[in-house]
Amino acid sequence: MELLQLRYFLEVAESEHVTHSAQKLRVSQPSLTQAISRLERELGVQLFEPEGRGIRLTEAGRFYSKRIAQAVAEIDSATSELARFDEERSSIVRINVVSASNIVVDAVAEWRTQHPAAKFQIVSSETASKIEPCDIEVRMQTGKTSEAKGARLFKERIMLAVPTTNGDETEEPDAGFRDNPEKGERPGGEGRDIAASDALVNGRGEAISLAQMQNSGFIMLAGSRNISNLCLSQCAKLGFRPTIAFESDNPSVVRKMIGLGLGVGFWPEHSWGELGTGARLAPILEPGFVRTIEVARTRHGGTNEQADKFYSFLLQRFEARWNI
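Residues numbered from 1 in each chain as written. Predicted model: local features only at pLDDT ≥ 70, side-chain atom pairs only at ≥ 80, totals over all residues. Heavy atoms only, no water.

Observations concerning the overall build of the protein
Inference 1: Along the backbone of the protein there are 11 helices and 11 strands.
Inference 2: Relative to all contacts within the protein whose residues are 6 or more apart in sequence, the contacts with residues 24 or more apart total 74%.
Inference 3: As displayed, the protein offers around 18200 Å² of accessible surface, 49% of which is attributable to carbon and sulfur atoms. (Helix = DSSP H or I, 4+ residues; strand = E, 2+ residues; numbered from the N terminus. Contact = heavy atoms within 4.5 Å. Areas by Shrake-Rupley, 256 points an atom, 1.4 Å probe, with all protein chains shown as cover.)

As structure tokens, this is what we get:
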């Protein structure tokens, strides 16, 4: 049984005249008669009976006509609603942001100022694209083969963000510290070693060895964040275990606290943006502190012209941050 058969049946049921219905449907009369006969055979009942030169519905035909009319109307309505749904869906740009969220959010805000009607749906999940199709993914590459179409890769060093002394970029260790070089202590028994203190006031962008940070408190992302896993794994390979003074599962909180100079932290060179005035970036002397951000137009989201346009715009924002 096909939908076309049902439409033919409903038209003949309304006109009760095969010739007139055939003309309206723009099909030959024999073809229409065969379609009705085939439907009757499939149903096992007679839907029409002769009446003079025309035909009329049987009792079974009248019952079936009422029920099928409702069903076909529902199908037509669902088809129209589906078209509207698809149009609305294609106007929404769905983004899964696992890394570099501040770049993406800034790009969305800037795009919205230029295109006020633009709609976005933003999630942050390692598995979101497998559950709910998305148009764009921004994540740290973990060695797995990407399923994305035309993914762009942005490589960056992971730096050490170290506090300055009282926010003064040129300040040297204080006199009390210099008076106790053997102990390596500041007055008040802070107990920070000499190398770490020198590193904290280093304003020349010189590389710092993790060994100099042995007694420094680290501010870290909590949980299974990829960047934390990368840094801790690399530290373990080097035999260094950071002393964690503060953890948060919110990257914005971690960035804020490091930027305020409240502790030492690992800081991606480009994607996390500028530090606050209380800290400065220094390269890590040991190798391996590098990550790659993948910005991808995924194949999961299907065709979406708005997503294509925003993806190009987003790549421009990443290129600007990387000075490409």
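Now that the structure has been shown, we can carry on.
With respect to the nonpolar core
Inference 1: Leu160, Leu210, Met213, Phe218, Ile258, Phe266 and Phe289 are the most contacted members of the largest nonpolar core, which has 27 residues in total.
Inference 2: Those residues in contact with isoleucine 258, other than ones at most four positions away along the chain, are Ala161, Ile219, Gly263, Gly265, Phe266, Trp267, Leu275 and Ala279.
Inference 3: In terms of nonpolar packing, the next biggest core, distinct from the first, is built from 25 residues, Val108, Tyr311, Phe313 and Leu314 among them. (Core = buried A, V, L, I, M, F, W, Y, C linked by side-chain atoms within 4.5 Å. Buried < 20%, exposed > 50% of the residue type's maximum accessible area, 1.4 Å probe, protein only.)

Topic: helix H5 (residues 101-114)
Inference 1: Between the first and last C-alpha of H5 there are 20 Å, a value that for 14 residues agrees with the 20 Å anticipated at 1.5 Å per step.
Inference 2: Listed in full, the buried residues belonging to H5 are Asn102, Ile103, Val104, Ala107, Val108 and Trp111.
Inference 3: As for H5, its buried residues are in contact with strand S3 (92-97), strand S4 (119-123), strand S5 (136-140), helix H10 (251-259) and helix H11 (305-321). (Expected span 1.5 Å × (residues − 1).)

Re the packing of aromatic side chains
Inference 1: Counting across every chain of the model gives 13 aromatic pairs.
Inference 2: On the numbers, 5.7 Å between centres and 80° between planes, the contact of tryptophan 111 with phenylalanine 310 is edge-to-face. Within this pair, whereas tryptophan 111 is found in helix H5, its partner phenylalanine 310 is found in helix H11, the two being separated by 199 residues in sequence. Each member of the pair, tryptophan 111 as well as phenylalanine 310, carries the same accessibility label: buried.
Inference 3: With a centroid separation of 5.2 Å and 35° between ring planes, the pair formed by phenylalanine 154 and phenylalanine 318 is classed as tilted. Pair noted here: phenylalanine 154 is in strand S6 (residues 149-163) and phenylalanine 318 is in helix H11, with a separation of 164 residues, a long-range link. (Phe/Tyr/Trp six-rings, centres within 6.5 Å; stacked < 30°, edge-to-face > 60°.)

Observations regarding the side chain of asparagine 96
Inference 1: Here asparagine 96 is to be found in strand S3.
Inference 2: A distance of 3.3 Å separates the side chain of asparagine 96 from the side chain of glutamate 137, its partner in a polar contact. (Polar contact = N/O pair within 3.5 Å; in protein donor to acceptor, adjacent residues only side chain to side chain.)

Side note on the pairing of strand S7 (residues 217-221)
Inference 1: In terms of residue burial, S7 counts as a mostly covered element, since four of its five residues are buried.
Inference 2: Where S7 lies against strand S8 (residues 243-248), five bridges are found, and the strand directions are parallel. Bridge assignment links phenylalanine 218 to a residue of S8, and that residue is isoleucine 244. (Pairing = 2+ DSSP bridges.)

What to know about the packing of helix H2 (residues 18-25) against helix H3 (residues 29-43)
Inference 1: Where H2 meets H3, the closest approach of the two axes is 9 Å, and the angle between their N-to-C directions is 110°. Between H2 and H3, the angle is such that the two are roughly perpendicular. Contact residues: H2 offers Val18, Thr19, Ser21, Ala22 and Leu25, while H3 offers Gln29, Leu32 and Thr33.
Inference 2: Residues that form the contact of H2 with H3 fall into these classes: four nonpolar, four polar and no charged. (Axes fitted to C-alpha atoms, helices over the stretch in contact; angles between N-to-C directions. Parallel < 35°, antiparallel > 145°, perpendicular 65-115°, else oblique. Nonpolar A, V, L, I, M, F, W, Y, C, P; charged D, E, K, R; others polar.)

Quick notes on the state of the cysteines
Inference 1: All chains considered together, the criterion is met by zero disulfides.
Inference 2: Cysteine 231 provides the cysteine sulfur closest to cysteine 235, a residue in no disulfide bond, and the two sulfurs are 6.6 Å apart.
Inference 3: When its relative accessible area of 0% is taken as the criterion, cysteine 235 is described as buried. (Disulfide = S-S within 2.5 Å.)

Re helix H9 (residues 226-237)
What sets the pattern is the α-helix's 3.6 residues per turn: residues three or four places apart point alike.
Inference 1: Taking 1.5 Å per residue as the helical rise, H9 with its 12 residues ought to reach 16 Å, and the 16 Å between its terminal C-alpha atoms agrees with that figure.
Inference 2: The set of residues buried in H9 consists of Asn226, Ile227, Ser228, Cys231, Gln234 and Cys235.
Inference 3: At the C-terminal side of H9, glycine 239 shows a positive phi close to 75°.

What about the packing of helix H1 (residues 3-15) against H2?
A pair of packed helices can be characterised by two numbers: the angle between their axes and the separation between those axes.
Inference 1: Closest axis-to-axis distance for the H1/H2 pair is 9 Å, and the angle between their directions is 130°. If you check the angle between H1 and H2, you find them oblique. For the pair H1 and H2, the sense of crossing is right-handed. Across from Tyr8, Glu11, Val12 and Ser15 in H1, the residues of H2 making contact are Val18, Ser21, Lys24 and Leu25.
Inference 2: Residue classes in the contact of H1 with H2 are distributed as four nonpolar, two polar and two charged. (Left-handed = near helix turned anticlockwise from the far one by under 90°.)

What about the pattern of salt bridges?
Inference 1: One pass over the structure, following the stated rule, counts 13 salt bridges.
Inference 2: Here glutamate 11 and lysine 24 are joined by a salt bridge, their closest N and O atoms 3.6 Å apart. With glutamate 11 in helix H1 and lysine 24 in helix H2, this pair connects stretches of sequence that are 13 residues apart.
Inference 3: The partner of lysine 309 in a salt bridge is glutamate 305, with the nearest N and O atoms 3.4 Å apart. Of this pair, lysine 309 and glutamate 305 both sit in helix H11, four residues apart, which is roughly one turn of the helix.
Inference 4: Linked through salt bridges whose partners overlap, the residues forming this network are Arg94, Asp135, Arg297 and Asp308. (Salt bridge = Lys/Arg side-chain N within 4 Å of Asp/Glu carboxyl O.)

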